[in-house]
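# Notes for the structure review
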Amino acid sequence: MKSAWFLSLLAAGLLSACSNDKQPTETTNELKSAPQEHVLAGAWIMEAAGGVMLDPQTSGLTHVDGMLYTISDGSAKEYQRRRLHRIDPASATLAPRPDDMGMASRVRRSCFSQYLADEPDLEALVADPEQPNVFYTVTEDATRTGAMSDRCQQRYEATGSTDYPTLLVRIEKHDSGNATMTHVRPLQFPLEYAVGDFPNDGIEGMALGQNRTMYLALERDNAGNPRVFSVTLDDSFWDSTDFAVVTDPGLQVPAFDSGRHPINGLEYYKPAGAASGFLLAAARNDNELWVIDTAAEKPTRKIALQFTAPGGDPENCAAQEVMDNASIEGLAVIGDTLWLVNDPWKVNYMKNLQCEANRSRYEGMAPLLFSMPLDASWFN
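All residue numbers refer to position in the chain's written sequence, counted from 1. With the structure being a predicted model, the display of local features is reserved for residues of pLDDT at least 70 and the display and counting of side-chain atom pairs for 80 or more, all residues being used for whole-chain, interface and lining totals. Only heavy atoms go into the side-chain values, all of them from the structure, while hydrogens and water stay out.

Okay, the overall build of the protein chain next. Check the secondary structure of the protein chain and you find five helices and 26 strands. In terms of overall size, the protein chain behaves like a compact globule, its C-alpha atoms giving a radius of gyration of 20 Å where 380 residues would be expected to give roughly 21 Å. Taken along its principal axes, the extent of the C-alpha atoms in the protein chain is 65 × 50 × 40 Å. To sort residues, take the accessible area from a 1.4 Å probe on protein chains only and compare it with the maximum for the residue type: under 20% means buried, over 50% means exposed, and anything in between is partly exposed. Considering the protein chain as a whole, with its 380 residues, one finds that 56% of them fall into the buried category. Contacts are assigned to residue pairs with any non-hydrogen atoms lying within 4.5 Å of each other. Relative to all contacts within the protein chain whose residues are 6 or more apart in sequence, the contacts with residues 24 or more apart total 62%. For the protein chain, the exposed area adds up to about 16100 Å²; of that, 47% sits on carbon and sulfur atoms. Only four residue types enter the tally: Lys and Arg on the positive side, Asp and Glu on the negative side; His and the chain ends are excluded. One atom stands in for each charge, and that atom is NZ of Lys, CZ of Arg, CG of Asp or CD of Glu. For the protein chain, the distance from the average site of its 31 positive side-chain charges to the average site of its 52 negative ones is 3 Å. Counting from the N terminus, the helices are DSSP H or I runs at least four residues long and the strands are E runs at least two residues long. This radius of gyration counts C-alpha atoms alone. The globule rule is 2.2 Å times how many residues there are, raised to the power 0.38. Note on areas: Shrake-Rupley, 1.4 Å probe, and residue coverage restricted to the protein chains presented here.

Two aromatic rings, drawn from Phe, Tyr or Trp (for Trp, its six-membered ring), form a pair once their centres lie within 6.5 Å of each other, and the interplanar angle then sorts them: stacked below 30 degrees, edge-to-face above 60, tilted otherwise. By the definition in use, this model includes 16 aromatic pairs. Ring centres of Tyr69 and Phe135 lie 5.2 Å apart, and the angle between their planes is 55°; this geometry places the pair in the tilted category. Within this pair, whereas Tyr69 is found in strand E6 (residues 67-72), its partner Phe135 is found in strand E11 (residues 134-139), the two being separated by 66 residues in sequence. Judged by relative accessible area, which is 6%, Tyr69 ranks as buried. When the centroid spacing of 6.0 Å and the interplanar angle of 25° are considered together, the rings of Phe256 and Trp290 count as stacked.

Turning our eyes to something else, we now look at the side chain of His183. Relative to the elements of secondary structure, His183 occurs in strand E13 (residues 179-188). A distance of 2.8 Å separates polar atoms of two side chains, one belonging to His183 and the other to Thr182. When residues no more than four places from it in sequence are discounted, the contact partners of His183 are Arg106, Val107, Leu168, Val169, Arg170 and Trp238. Polar contact is defined as a pair of N or O atoms within 3.5 Å, subject to the rule that within protein one atom must be able to donate a hydrogen and the other to accept it, and that residues adjacent in sequence are counted only when both atoms are side-chain atoms.

Take the pairing of strand E12 (residues 167-173) next. Counting buried positions along E12 yields six of seven residues, so the element is predominantly enclosed. Only strands joined by at least two bridges in the DSSP assignment are considered to pair. Sheet analysis places E11 next to E12, joined by five bridges and oriented antiparallel. Its bridge partner being in E12, Thr137 is matched across the sheet by Val169. In the sheet, E12 pairs with E13 via seven bridges, with the strands oriented antiparallel. Looking at the pairing, Ile171 lines up with Met181 of E13. Connecting E12 to the antiparallel partner E13 that follows it, the hairpin turn spans five residues, and Gly177 within it adopts a positive phi of roughly 100°.

Burial of strand E24 (residues 328-334) is extensive: six of the seven residues sit out of reach of the surface. Sheet analysis places E24 next to strand E25 (residues 337-342), joined by six bridges and oriented antiparallel. Along E25, the bridge assignment pairs Leu331 with Leu340. Remark: two residues form the turn of the hairpin made by E24 and E25, two consecutive strands paired antiparallel; Gly335 in that turn has positive phi of roughly 65°.

Any carboxyl oxygen of Asp or Glu within 4 Å of a side-chain nitrogen of Lys or Arg constitutes a salt bridge here. Applying the stated criterion across every chain, the model contains 16 salt bridges. Taking the shortest distance from any N to any O, the salt bridge between Asp55 and Lys346 comes out at 3.3 Å. Taken together, the residues span a long stretch of sequence, with Asp55 in the loop between strand E4 (43-44) and strand E5 (58-64) and Lys346 in the loop between E25 and helix H5 (359-363) at a distance of 291 residues. We classify Asp55 as buried; its relative accessible area is 10%. The salt bridge partner of Arg227 is Asp221, with a shortest N-O separation of 2.8 Å. Linked by salt bridges that have partners in common, Asp128, Glu130 and Arg212 make up one network.

Structurally, the position occupied by Ser110 is in the loop between helix H2 (105-108) and helix H3 (113-117). A relative accessible area of 17% places Ser110 in the buried class. Considering only alpha carbons, one finds Ser110 and Arg185, 75 residues apart in sequence, at a separation of 9.3 Å. A polar contact of 2.7 Å, which involves the side chain of Ser110, links it to the backbone oxygen of Val107. Within the structure, Ser110 has its side chain in polar contact with the backbone nitrogen of Phe112 (distance 3.1 Å).

The values are spatial; any link to function lies outside them.
And the structure:
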């Protein structure tokens, strides 16, 4: 009976998602859609000492040597912030929690030391495949921090977006698992890009592609649409503390005439034998994976997703329950598998509660790890 109940619930969820006639229409870029949703079963991320990971606000996902890494944003519990969290994908279990990040002297002397030392809103994480133990992250909302000095405000006022600049941060991980912020550089958005002033709708995804192109996914611009920008991390990039000016690579990012359709996670993937790669983008609000051609030749493909969580009580609940709101914010490809992590959306997470056995997990904003195989047809 429980199995039949779950299947009927799942079918209803899929039918509802596929038949929603209130979805806004795309205004640019022809889209290819998957014929049906892919259902992804989640696993609770567990602490090394036992128990679920509580309120880490997991933002971003990357991998090194078969292990996944994520980072917490500024609204996480204090003991989760400013740390690299290592996850064994085979068991969804964390390594022992490291200390919070230190700062190299050049970061401590920068205009941004106060913000980075307190509650930085770190959004996205990328491991550098060419430099072992080097990671990159980016900041978003800095409205909770104090103002910079007059000198610093004058130097970094022309952000092209928010009053407090978006920051790209270089991190080095040590053998102990602890890490240090070694460099920081603010980003500048040319005014003609019309990014707008949206402190909590800024850069949420990053991916490092060919020729050291760092792609940066913006949640929304002045027109309300997601965007993808880029900078090149060449050998001299971190020598400067001036603005790094982003460019628009002209990718076929979906645009809409209404609604909110942010990109909240990004990963770069290059199929074997291909001349160029693709960006895999988590369209959080749409429960979709977007496959964006970095050569800007193929139209963006949209893959419909549905997420389930373990029921938590085999006697009284389904083995997996369809989630109302997953909020994916991190993507990473290991081999032929795409891994996804969610950032529990605090105003919506309790909508997922069905089995009482899961109440403490949802109230504790515990994240889930999902996976799915890559499909070669996505890239054709």
